[in-house]
Amino acid sequence: MLFDPKAVVVAAAFLAAKVEDAMADVRYLQEGTERMQAPVPQQEIITAELSLLQGVDYDLLCFHPYKAVLALTEDLRTFLKSEKGQTLVLQHQRPISGQDLKPIYDKAREILEQIIIYSSDLTLLFSPGPIGLASLIVAQEEILEQADKEEGATNAPPPKIDFHGYVQQRFPEQQQAQQASSSSLLQTLPDLCQRVKALLTYAAEQKRNSADTMVQLKQIHKKLKKVRAWGASSSSEGGKKSKKKKRNKEEASDGHATFKSVPHKESPPTPTSSNKRNDPATTNDDDAAFMAPQSKRVKTETA
């Protein structure tokens with residue numbers, strides 16, 4: 001592993017904020033990682049951002065299913081009011097309006113959030129249009145199931161829309177062109193809807209086991225810190241060296257203070273041949289006057 005995954009995730013969020021023109025200060029990102037007990041310094045975020053830009057070859061144009069869901073909902077609102085569109089609406093006595101489509105739209109947005117968060121390859125295997133259409137179909141199925149469970153409710157039943165008929169009648173030319181290449185949207189929709197349902201089940205399990213997932217992520221992070229080969233290791237080694245130097249200085253200062261606090265007792269020198277001049281018995285008067293303290297020398301000169 002060449003890059004710290006934790007730093008790459010934060011750098012991706014930082015870069016996405018720039019792309020979507022919702023600039024976020026890198027200091028806030030660092031503070032957020034510290035609150036999550038997974039700190040990432042500012043310098044590592046900036047370094048990972050540059051590596052991420054090189055990895056995507058500076059191609060920052062992204063197509064998300066959110067706009068596809070919004071466009072499909074707006075087109076449904078107008079098309080279902082036509083003569084052909086009215087035949088596609090079931091279990092609804094009056095003409096459908098935009099307010100009737102709002103619960104389906106909101107539920108589809110929630111499903112898309114789960115797809116973006118928990119899907120590893122779904123957004124890479126299918127284009128945003130089919131993903132948005134499949135999310136609308138699954139959202140309608142969940143709303144109808146919830147309405148069946150609440151049969152005693154006084155609210156009007158939600159409309160049931162034939163999305164397959166909508167695709168056939170609304171985009172006939174595209175369907176004819178796709179049938180020639182055996183890649184029709186109607187052929188891929190059932191499989192895509194099954195994938196979305198399986199993903200929602202997986203997301204619900206992950207939410208229930210979020211605490212266990214955090215424990216596993218922390219264990220994985222500890223293992224990655226031991227075997228990582230990215231550039232942050234050099235900075236960490238430099239930090240360890242500086243900490244070691246600081247600790248050595250503190251130990252040296254503590255030892256010096258201890259040395260000063262202990263009183264030093266000097267043992268009396270033993271008379272030897274080298275210090276016979278210090279012995280009053282072996283020195284003459286001039287030497288004794290010179291070696292005496294200042295007060296004694298003053299008295300001797302006065303005398």
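See the structure shown above.
Quick caveat: nothing in here was measured; it's all calculated off a predicted structure.

## A closer look at the overall build of the protein chain
Then step 1. Tallying secondary structure elements over the protein chain gives 15 helices and 2 strands in all.
Then step 2. Sequence separation of 24 or more characterises 70% of the internal contacts of the protein chain that already satisfy a separation of 6 or more.
Then step 3. Accessible area for the protein chain stands at about 21,900 Å²; split by element, carbon and sulfur atoms hold 55% of it.

## Considering a positive patch on the surface
Then step 1. On the surface, a cluster of positive charge is contributed by Lys218, Lys222, Lys223 and Lys226.
Then step 2. Counting through the fold element by element, Lys223 comes out in helix H12 (residues 210-227).

## Here we look at the packing of helix H4 (residues 65-79) against helix H9 (residues 163-170)
Then step 1. Contact geometry for H4 and H9: axes closest at 12 Å, N-to-C directions at 80°. Judged on the interaxial angle alone, H9 and H4 are roughly perpendicular. Along its contact with H4, which presents Leu72, Asp75, Leu76 and Phe79, the element H9 presents Phe163, Tyr166, Gln169 and Arg170.
Then step 2. Class assignment for the residues of the contact of H4 with H9 results in 5 nonpolar, 1 polar and 2 charged.

## Topic: the pattern of salt bridges
Then step 1. Evaluation of the coordinates by the stated rule reveals 10 salt bridges.
Then step 2. A salt bridge links Lys107 to Glu110, with the nearest nitrogen and oxygen atoms 3.8 Å apart. Placement of both Lys107 and Glu110 in helix H6 (residues 98-118) is noted, with a separation of 3 residues, approximately one turn of the helix.
Then step 3. Lys107 sits in the partly exposed class, given a relative accessible area of 28%.
Then step 4. With relative accessibility at 43%, the residue Glu110 sits in the partly exposed group.
Then step 5. One network of salt bridges, in which partners are shared, links Lys107, Glu110 and Glu142.

## Digging into the environment of Gly32
Then step 1. By the secondary structure assignment, Gly32 is in helix H2 (residues 26-35).
Then step 2. A residue is classified by how much of its surface remains accessible, and Gly32, at 26% relative accessible area, is partly exposed.
Then step 3. Separated by 22 residues in sequence, Gly32 and Val10 have C-alpha atoms that sit 9.6 Å apart.

## Here's the deal with a nonpolar patch on the surface
Then step 1. A cluster of nonpolar side chains, Val19, Val56 and Leu60, forms an exposed patch at the surface whose accessible area comes to about 200 Å².
Then step 2. Assignment of secondary structure puts Leu60 in the loop between helix H3 (42-55) and H4.
Then step 3. Given the relative accessible area of 34%, Leu60 is considered partly exposed.

## Overview of the side chain of Asp75
Then step 1. Here Asp75 lies in helix H4.
Then step 2. Beyond its immediate sequence surroundings of up to four residues, Asp75 is in contact with Tyr166 and Arg170.

## Observations concerning H9
Then step 1. Of the residues making up H9, those classed as buried are Phe163, Gly165, Tyr166 and Val167.
Then step 2. At the N-terminal boundary of H9, the capping side chain belongs to Asp162, with an oxygen 3.4 Å from the backbone nitrogen of His164.

## Quick word on the packing of aromatic side chains
Then step 1. Summed over all chains, the structure comprises 2 aromatic pairs.
Then step 2. For the pair Phe79 and Tyr166, a centre-to-centre distance of 5.8 Å together with 65° between the ring planes defines the contact as edge-to-face. One end of the pair, Phe79, is in helix H4; the other, Tyr166, is in helix H9, with 87 residues separating them in the sequence. With respect to burial, Phe79 and Tyr166 carry one shared label: buried.
Then step 3. An angle of 85° between the planes, with centres 6.3 Å apart, marks the rings of Tyr118 and Tyr202 as edge-to-face. Pair noted here: Tyr118 is in helix H6 and Tyr202 is in helix H11 (residues 185-208), with a separation of 84 residues, a long-range link.
Then step 4. Note on Tyr118: relative accessible area 25%, which makes it partly exposed.
Then step 5. Under the relative-accessibility criterion, Tyr202 is labelled partly exposed at 40%.

## Side note on the nonpolar core
Soluble globular proteins: nonpolar side chains tend toward being buried together.
Then step 1. Ranked by internal contacts, the top residues of the largest apolar core, which has 37 residues, are Ile115, Leu133, Ile161 and Val196.
Then step 2. When residues of this core are traced back to their parent elements, those giving at least two are H4, H6, helix H8 (128-149), H9 and H11.
Then step 3. Not counting residues within four places of it along the chain, the set of residues in contact with Val196 comprises Ile111, Ile115, Leu122, Ala134 and Val138.
Then step 4. Membership of the second largest hydrophobic core comes to 8 residues, among which are Ala7, Val10, Phe14 and Ile45.

## Topic: the packing of helix H1 (residues 5-19) against H3
Then step 1. Two elements in contact, H1 and H3, have axes separated by 8 Å at closest approach and are oriented at 75°. Here H3 runs roughly perpendicular to H1, going by the angle between their axes. Two secondary-structure elements touch here, H1 through Ala7, Val8, Val10, Ala11, Ala12, Phe14, Leu15 and Lys18 and H3 through Glu44, Ile45, Ala48, Glu49, Leu52 and Leu53.
Then step 2. Here the residues of the contact of H1 with H3 sort into 11 nonpolar, no polar and 3 charged.

Cut-off values and rules
- Residues numbered from 1 in each chain as written.
- Predicted model: local features only at pLDDT ≥ 70, side-chain atom pairs only at ≥ 80, totals over all residues.
- Heavy atoms only, no water.
- Helix = DSSP H or I, 4+ residues; strand = E, 2+ residues; numbered from the N terminus.
- Contact = heavy atoms within 4.5 Å.
- Areas by Shrake-Rupley, 256 points an atom, 1.4 Å probe, with all protein chains shown as cover.
- Patch = residues over 30% accessible without salt bridge, like charges linked within 9 Å, V, L, I, M, F, W, Y side chains within 5 Å.
- Salt bridge = Lys/Arg side-chain N within 4 Å of Asp/Glu carboxyl O.
- Lys, Arg positive; Asp, Glu negative; His and termini not counted.
- Charge placed at Lys NZ, Arg CZ, Asp CG, Glu CD.
- Axes fitted to C-alpha atoms, helices over the stretch in contact; angles between N-to-C directions.
- Parallel < 35°, antiparallel > 145°, perpendicular 65-115°, else oblique.
- Nonpolar A, V, L, I, M, F, W, Y, C, P; charged D, E, K, R; others polar.
- Buried < 20%, exposed > 50% of the residue type's maximum accessible area, 1.4 Å probe, protein only.
- Polar contact = N/O pair within 3.5 Å; in protein donor to acceptor, adjacent residues only side chain to side chain.
- Phe/Tyr/Trp six-rings, centres within 6.5 Å; stacked < 30°, edge-to-face > 60°.
- Core = buried A, V, L, I, M, F, W, Y, C linked by side-chain atoms within 4.5 Å.

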